[in-house]
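Coordinates in review
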Amino acid sequence: MVAHSKTVVFFSIALCCATQQLNAQYNLGFDEQLTTIQIEDNAMLYSNPTVGGFNTPQFSEIDLNNDGVMDLFVFDRASNVVRTFLFETSAQKYMYSPEYERLFPNNLQYFALLRDYNCDGKADIFTYHQAGFRVYQNTTENGDIQFDKITDKVRSNYGSFETGAFVLAGDVPALVDIDGDGDLDILTFGTVNSENTIEYHRNLSQDLYNHCDSLVFEVVTQCWGNIQEPPNSSSLVAVNCKGVVPPQRGQREHPGSSILLVDTDGDDDMDVVIGDIQTDDVVFAVNIGDAQTATIDVNQQTNLFPNATNPVKMQYMVSGYEIDVDHDGEKDLIMSVNNAIDSSANTDHVWHYRNTASVGKSYVLETKLFLMEDMIDLGANSSVAVMDYTGNGKLDILVAVDYRRSPSSFTKSRIFLFEQKLNEVFETTENDVAGLSAYNFNGATISLADLDSDGDKDLLVGDADGFLHYFTNAPNNGTASFTLSEPQFMSISSLGDNAAPTFGDLNGDGLTDLLVGDRTGKLFYFENIGSSSNPNFNASPTISNFGGIDVSDFCCTGYAAPTIIDNQAFGNGLYIMVGSDEKRIDIFEVNQNLSGDFNRVDSLVINAGNIKPVITDLNDDEVFELLCGTEGGGLKFYDREENVIIGKPGISNPANHQLSFRVAPNPASHEVKLMFRQPISGELRIIDHVGQTLFKTNIANEKERHLNLTEMRSGIFWVQIRTKQAVYIQPITILQ
């Protein structure tokens, strides 16, 4: 079981002090499991308000807590994040349980489907890797679930030679026992010679070993069912199969499709459902062959699936997943989108069809908001700001979204208001603050500051094109009222796309300066050369690439979203907290020399994409919380028990600094070197934030030690050296 308490005993009672200090440091004490904010809509409380939202979710079943009840694993391909939900039998619903998310590999990408390939009753992971299948085996025995990588490339015999079974990054393949022999087979669209037809990779585990615990495949046919799907089409065409040809390189026309196999008529063979990357429906056709040799009848194909009354229809690339949602022993159907490129639907886009049949399938639409009806999900790419909007002395939350698309409507950026009532419950009271939707902005990111020194906060909106737009606030009976007074604020230019503004006094002159992040992951500093009541900024940045900061792991897609921290609760320094699309928030200390490079002093691990953070004290208890917008269009919220100083030392005996050590490089990727001030002996561990040991070895009278990190996942961890005298701890960031 995963521990739910705030303080986790990592090692022994003798190490209590070091353990508590380590636990407090991780993520500056911010903990998603502590509490959550209460949010209601139409007097109904959301049960899972701060999941973070869904864009392109994929669904699988797994028993997360080893209680014999199947829970839910959700992988969102838009940001490559995992969401975990426990099924509560008493309430008959799924409850968000983020404590399990860290237990899954963090390098899942494009698709992550859980299937029990070795028949041990535990769900394993199939995911994309270099045009093939990477597989992790579920090796859980007791306690937390665990996964071990089995292969980076599932191989298959194409007749003339064996190579990796091909899968396109844009596809969702079918992983199912097609021939009914008890082992897991694969259906996937092929390469150039078979890109619009379906390759059938038959598992030979039962044939060769009389059990199902191996991944040994052969290509039976490259046109399963004798059909092909023309590019960007919701139709099927009958074809005559050719011989099996090994994968080839060349220009492709097939951009992406999903395959779902279901036995809709109960005749023990698989019928097919295919969604295409550029269409808003699926095509369904019946198998009139058998389990061994499929023949899909194109004359019986239809786009009215799962039923003619409520056929699924949403943009784009509809994909289906069989899940026993109500735990009645019959597989129900979840349908959602899987095109993460072309502005797909991001609300009303997770449809749950209940299966009412015991033989075959008969689907009835239950909801178009499966799980989403219990969370805040306002569209895509949310950003947040906090102010007393209504003048009642309570802080309210403003949430801007890039765009909002349902299967039947599309709106560009808008701002939602969550008003805090006197009972500390937030309620949705406005859905278009400042009338923002009328201006047709894309990619709105918001920030607040009293720019005209009139005692109320004004609004600055950054957009996807890199422009800023200034809204003055003229409160009406104490309630904020924003009016666009200066589009393309002060003609500020020389920014990249996706401008993310924030304000603060960066040069110590008492005036409010402007700091803007952009899509590349860099920051731009604009010095206020005006006054407190009449700020003025040059059109070009005072300093480009401010602080030498670049939060992108690779070129050009960091989506830097800064916030400035000048708050004694975080220490005496001036800091910049930068959200990014890299599942982390980096914290930099501002130097007196603003033209120099800033040191990164901490990083927070946040399981979300396109993170836009703000620091706030919503309940006015003087302990500051972290609130984040996300790529999924929702919110992530992190409370803590006490304020934690940025850069707090990581040594259990601070007076004994001569035995401290350095970690370099940090961040590290493939290898890291530990350097000690004097020879040291003891036990070395790398541990995560709940005390799980990821690596352990001994050191003997050494002044330095090299560690290979190639098998480590990305994240922020702790290097712990335990000697006879004390425990010494340093953070390490691993980027794979």
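Residues numbered from 1 in each chain as written. Predicted model: local features only at pLDDT ≥ 70, side-chain atom pairs only at ≥ 80, totals over all residues. Heavy atoms only, no water.

1. Some details on the overall build of the chain
What counts is decided by this rule: Note on conventions: DSSP H or I runs of at least 4 residues are helices, E runs of at least 2 residues are strands, and numbering of each starts at the N terminus. The reference for a compact globule is 2.2 Å times residues^0.38; the radius of gyration itself is calculated from the C-alpha atoms. Think of it in three bands: with a 1.4 Å probe and only protein chains considered, a residue is buried below 20% of the maximum accessible area for its type, exposed above 50%, and partly exposed in between. Contacts between residues were defined by any pair of non-hydrogen atoms, one from each residue, lying within 4.5 Å. Surface accessibility in these figures is a Shrake-Rupley result with a 1.4 Å probe; residues are shielded only by whichever protein chains are displayed.
Along the backbone of the chain there are two helices and 49 strands. A compact globule built from 736 residues should have a C-alpha radius of gyration of about 27 Å, and the chain, at 27 Å, falls within 12% of that. Dimensions of the chain along its principal axes, counting C-alpha atoms only, are 80 × 70 × 55 Å. Each of the 736 residues in the chain was classed as buried or not, and the buried ones make up 57%. A separation of at least 24 residues holds for 52% of the contacts in the chain among residues at least 6 apart in sequence. Carbon and sulfur atoms make up 45% of the accessible area of the chain, which totals about 28,400 Å².

2. Some words on the sheet that holds strand 8 (residues 124-129)
Note the threshold: At least two DSSP bridges between two strands are needed for those strands to be called paired. Each axis is a line fitted through C-alpha atoms, taken for helices only over the stretch in contact, and angles between the N-to-C directions span 0 to 180 degrees.
Strand order across the open sheet formed by four strands is 7-8-9-10, with antiparallel pairing between neighbours. A strand with exactly one partner marks an edge of an open sheet, and here the two such strands are strand 7 (112-115) and strand 10 (147-151). Strand after strand, the sheet turns through a mean of 30° between neighbouring axes, direction not considered. Bridge analysis of strand 8 against strand 9 (residues 132-138) gives five bridges, and the strand direction is antiparallel. When the sheet's bridge partners are listed, Thr127 is paired in strand 9 with Arg134.

3. A word on unusual backbone geometry
Cis rather than trans, the peptide bond between Phe305 and Pro306 has omega equal to 5°. Its place among the elements puts Pro306 in the loop between strand 21 (282-285) and strand 22 (318-323). Of the consecutive residues Asn666 and Pro667, the connecting peptide bond is found in the cis state with omega at 15°. Along the chain, Pro667 falls in the loop between strand 45 (661-664) and strand 46 (671-687). In this model, Asn66 sits at a positive phi of 55°, which is unusual for a non-glycine residue. In this structure, Asn66 sits in the loop between strand 3 (57-62) and strand 4 (71-76). Even without a glycine there, the phi angle at Ala434 is positive, about 65°. One can find Ala434 in the loop between strand 30 (425-430) and strand 31 (445-449).

4. Digging into the packing of aromatic side chains
Counted only if it meets this: Classification of ring pairs uses Phe, Tyr and Trp, with its six-membered ring standing for Trp, and accepts pairs whose centres are within 6.5 Å; under 30 degrees between planes counts as stacked, over 60 as edge-to-face, and the remaining range as tilted.
Taken as a whole and judged by the stated rule, the model has 26 aromatic pairs. Between Phe85 and Tyr96, the aromatic rings sit 5.5 Å apart at their centres with planes inclined by 50°, giving tilted as the arrangement. You can see Phe85 sitting in strand 5 (residues 81-88) and its partner Tyr96 sitting in strand 6 (residues 93-96), a full 11 residues away along the chain. The exposure classification of Phe85 matches that of Tyr96, with both residues buried. Each residue in the set Phe54, Phe59, Phe85, Phe87, Tyr94, Tyr96, Tyr321 and Phe370 is aromatic and connected to the rest through ring pairs, giving one cluster.

5. So, the environment of Arg202
Note the following rule: Pairing of N or O atoms within 3.5 Å defines a polar contact, subject to two protein rules: one partner must be a possible hydrogen donor and the other a possible acceptor, and residues neighboring in sequence count only if both atoms are side-chain atoms.
Considering the arrangement of structural elements, one finds Arg202 in strand 15 (residues 198-203). Residue Arg202 is classed as buried on the basis of its relative accessible area of 16%. In this structure the C-alpha to C-alpha distance between Arg202 and Asp183, which are 19 residues apart in sequence, comes to 8.9 Å. Non-local contacts of Arg202, meaning those with residues more than four positions away in its chain, are made with Asp179, Asp181, Asp185, Asp207, Val216, Phe217, Glu218 and Val220. A distance of 2.9 Å separates a polar atom in the side chain of Arg202 from a polar atom in the side chain of Asp207.

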